[in-house]
Amino acid sequence: MTAEPRPNFHLEDAARKNVGEPNIVVVGIDEVGTGAWAGPIVAAAVALDSSIWWPVYNELDDSKRLSKTVRKRLEPEIWRIASFVGIGVVTTNEINIVGVGRAREIALERAYFHVLGQCQTPLVAVVDGRSMRKLRSVFGRDSIFADRADQKSLSVAAASIVAKVTRDNMMRILDAINPGYDFRNHVGYGTAKHRAALQLLGPCEIHRLSVRPVQECLAKFVELAASGGIITTRDE
């Protein structure tokens, strides 16, 4: 069986070729948290130096294909060797206002502009997801939008790791602020334990109102309150 190709700089090279400028800064951009029931969407934009082969490049991959331990070990190394790193965060309040789809786009844009503000020179991007081609007017017509780019591009793989670790760290803080939901472990995604906590405690301030289990839970609590039933809260 042929081994699956490792992430490399081919997409970055293709982006530079599109621009016709071999020295232009290329950022890989990816996000995490789109499918969660609670918490922010976090994107990262990472520019790596392809002229130097850092040992960490041999380990970079889609964050979903790496263990939590490996991600935590690689993330500070990425910050150390990257030319630029940008972070984009969209809060739950913003997600509830603009919707998950637009929130994902905003997170990617914020990460991109974070890097643009640092380097003060033109950028070209490699973005995870062909559906994000609608953002070509933001990232430039020469940018590349590819499905599973986090498994093909070293820059995007690095971005996926930084975004994932950053969001996990945020969810641990939010777990301390909103105890009882186990956010530190499921990081806002739909699990049996998360659903059980929702049914017991009701939604908290970081739950997304567009998510069906959250909507169903809210409806149950509203119905219970309207009928004069007793609602148990986290403060009781």
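Every chain begins its residue count from 1, and numbering advances along the sequence as written. Predicted model: local features are reported for residues with pLDDT of at least 70 only, side-chain atom pairs are reported and counted for 80 or more only, and whole-chain, interface and lining totals are derived from all residues. Excluding hydrogens and water, the side-chain figures rest on all heavy atoms present in the structure.

### Observations concerning the overall build of the chain
Secondary structure is summarised from DSSP: a helix means a run of H or I of at least four residues, a strand means a run of E of at least two, and numbering begins at the N terminus for each. Counting secondary structure elements, the chain contains 9 helices and 5 strands. The principal-axis extents of the C-alpha atoms in the chain amount to approximately 70 × 40 × 35 Å. In the chain, buried positions account for 50% of the 236 residues. Here a residue-residue contact requires only that any non-hydrogen atoms of the pair lie within 4.5 Å. A separation of at least 24 residues holds for 66% of the contacts in the chain among residues at least 6 apart in sequence. Of the roughly 11,600 Å² that the chain leaves accessible, carbon and sulfur atoms contribute 55%. Accessibility here uses a 1.4 Å probe with only protein chains present; expressed as a share of the type maximum, an area under 20% marks a residue as buried, one over 50% as exposed, and anything in between as partly exposed. The Shrake-Rupley method, run with a 1.4 Å probe sphere, supplies the accessible areas, and residue values consider only the shown protein chains as cover.

### Focus on the nonpolar core
Core analysis: the biggest nonpolar cluster contains 24 residues, and V27, I29, L108, V127 and F139 have the highest contact counts within it. Taken together, the elements giving at least two residues each to this core come down to β1 (25–32), β2 (41–47), α4 (100–119) and β4 (123–128). Residues grouped as a nonpolar core are buried Ala, Val, Leu, Ile, Met, Phe, Trp, Tyr and Cys residues, joined through side-chain atoms within 4.5 Å.

### Observations regarding the pattern of salt bridges
Where charged atoms from two side chains of opposite charge approach closely, those side chains can pair. The salt bridge criterion pairs a side-chain nitrogen of Lys or Arg with a carboxyl oxygen of Asp or Glu, the two atoms within 4 Å. Scanning the model with the defined rule gives 17 salt bridges in all. Here R65 and D61 are joined by a salt bridge, their closest N and O atoms 2.9 Å apart. In this structure D61 comes out as buried when scored by relative accessible area, which is 6%. D175 is paired through a salt bridge with R184; the nearest N and O atoms lie 3.5 Å apart. Its relative accessible area of 14% is what places D175 among the buried residues.

### Overview of the state of the cysteines
Whenever a pair of cysteine sulfur atoms sits within 2.5 Å, that pair is classed as a disulfide. By the definition in use, this model includes 0 disulfides. No disulfide involves C204; its sulfur sits 10 Å from the nearest other cysteine sulfur, which is in C217. For C204, a relative accessible area of 9% corresponds to the buried category.

### Considering the sheet that holds strand β3 (residues 84–90)
The sheet built from 5 strands is open, its strands ordered β3-β2-β1-β4-β5 with mixed pairing. Two strands bound the open sheet, and with one partner strand each, they are β3 and β5 (144–146). For this sheet, the mean inter-axis angle between neighbouring strands, taken without regard to orientation, is 20 degrees. Bridge count between β1 and β4: 5 bridges; the pairing is parallel. For V27, the partnering residue across the bridge sits in β4 and is A125. In this analysis an axis means a line fitted to C-alpha atoms, helices contributing only their contacting stretch, and an angle means the value between N-to-C directions, from 0 to 180 degrees. Across the sheet, α4 is in contact with β1, β2, β3 and β4; its angle to β3 comes to roughly 150 degrees. Only strands joined by at least two bridges in the DSSP assignment are considered to pair.

### Focus: the side chain of S63
Relative to the helices and strands, S63 resides in the loop between β2 and α2 (68–81). Given a relative accessible area of 6%, S63 falls into the buried group.

### Considering unusual backbone geometry
Residue Q120 is not a glycine yet carries a positive backbone phi of 60 degrees. In this structure, Q120 sits in the loop between α4 and β4. Its identity as a non-glycine residue notwithstanding, V187 has a phi of 45 degrees, on the positive side. On the accessibility criterion, V187 (7% relative accessible area) is buried.

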